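Fold and geometry: a report
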Amino acid sequence: MQAPLKARVRGRAMSGPIRILFAALSLLAAAGLAQALSPPTASRGAPAGDADDTSQYAVPTRLDHVGRIVAQVTINGRGPFRFMLDTGSTRTVLAEDALVKLGLTADADATVAVSGISGSELAPSVHIDSLDAGDLHFRDLDLPVLAGPVFHGLDGILGMDGFEGMKLSADFSKDRISISQSLGKRPSLTYSVMHAEFLSDRLLMVDGRVGSLRTKAIIDTGGTHTLGNAALLAALTKAHQRGVQVLQAGVIDVTQASQLAVVGRVPDIRLGDATIANLFVTFGDFQIFRTWGLQDEPALLVGMDVLGTLEQLSIDYRRKEIDLLPHSMERTLIEKRYFSLDVW
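Below, the structure is looked at part by part. Just so we're clear, the structure is a prediction, and the values are computed from it rather than from any experiment. Residue indices begin from 1 for each chain and proceed along its sequence in written order. Totals for whole chains, interfaces and linings use all residues, but because this is a predicted model, local features are given only for residues with pLDDT of at least 70 and pairs of side-chain atoms are given and counted only at 80 or more. With hydrogens and water excluded, all non-hydrogen atoms of the structure serve as input to the side-chain values.

**A few points about the nonpolar core**
Definition in use: Side-chain atoms within 4.5 Å link the members of a nonpolar core, which is a set of buried Ala, Val, Leu, Ile, Met, Phe, Trp, Tyr and Cys residues. Using a 1.4 Å probe on the protein chains alone, a residue whose accessible area is under 20% of its type maximum counts as buried, one over 50% counts as exposed, and one in between counts as partly exposed. Under the scheme used here, helices are H or I runs from DSSP no shorter than 4 residues and strands are E runs no shorter than 2 residues, and both carry numbers assigned from the N terminus. Whether two residues are in contact is decided by their heavy atoms: any pair within 4.5 Å suffices.
In this structure, Leu158, Phe163, Ile179 and Ile322 are the most contacted members of the largest nonpolar core, which totals 59 residues. For this core, the element with the most residues is strand E9 (residues 136-146), which contributes five residues. Apart from residues lying up to four places away in sequence, Ile179 is in contact with Ala71, Leu85, Ala133, Gly134, Asp135, Leu136, Leu158, Phe163, Met166, Lys167 and Leu168. The next biggest cluster of nonpolar side chains, apart from the first, holds 13 residues, and it includes Met205, Ile218, Leu227 and Ile288.

Structure representation (structure tokens):
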């Protein structure tokens, strides 16, 4: 039996999930988004194994909603609880509503610094004895406790703390996810492979292009929509005489901080062998890019509006590799008009 992974607990930056509210044009209806993505949570205080087997865990992106990846988690031997997997977060977080299910109380005097896309806060924390998800095991740790609309239908956020040497796989066509120890094996030739580097604490960054512009890209399964920094918008505006036509928007992050932003369609995005066309990106001077030292060069947070259209997504932290398997060409015409992801 493998020894459990010990959580490292300290204040860290996390992108966290976001909600984007559009002022003029809504890519996805914000009011319907939370409802569409909120299957039943685990029953209050239920022992492990009592969850509904029909619950969705690898929710694909469709025209009417953005997908997400949800893991079954047990806490102190109870559950399962629904935690969203967030590869853009370096910290695991417990939702305030989950405290009642666990019979726990947050300690307002033991705070943890948490940073979101736009803001930061000192969150109260709660001590737990164990947290388990697949082959991922935490023991004796303190979790920050947060509340807000991004936790609708969720019991928490599973960040990448403790994912060293692990492999995350999501199959959107079969509604399955797995968290396992990486065996270091190469993927099959049917996958598009992106080699990554660690920006910090299991945060994966890849090199890509937006049109002809070299761009850094963070893979963010916790973000509903793809975000771009101000440097990318400025570079795109300079490269195109007509500029980038944009619409105003607002962004709300995991700390419930809001920020004005703009939404515009960008040239084709190239990530490894994958090309993403007809994609709308939300641009802003987001704090998280400054936290990561990416404020002065074009950068993207690639969200579930892109990742959720895949058939399969695999992230191997041992190999520092992201493997994409797009759907076959049997996609409907209306889906292709939304945006398309092709691989050559």
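**Some points on the pairing of strand E16 (residues 213-219)**
This is how the line gets drawn: Being paired, for any two strands, means DSSP has found at least two bridges between them.
With respect to burial, E16 is a largely interior element, six of its seven residues being buried. Here strand E15 (residues 203-210) folds back onto E16, and the loop between the two strands holds two residues, one of which, Gly211, carries a positive phi near 65 degrees. As paired strands, E16 and strand E23 (residues 299-302) are joined by four bridges and run parallel to one another. Paired with Ile218 across the bridge in E23 is Leu301.

**Some details on the pattern of salt bridges**
Here is the rule: The working definition used for a salt bridge is a side-chain nitrogen of Lys or Arg within 4 Å of a carboxyl oxygen of Asp or Glu.
Under the defined criterion, the tally for this structure stands at six salt bridges. We note a salt bridge from Arg290 to Asp285, for which the minimum N-O separation is 2.9 Å. The class for Asp285 is partly exposed, based on a relative accessible area of 48%. One salt bridge in this structure joins Arg319 and Glu321, with 3.1 Å as the shortest N-O distance. Through salt bridges with shared partners, one network takes in Glu197, Asp207 and Lys216.

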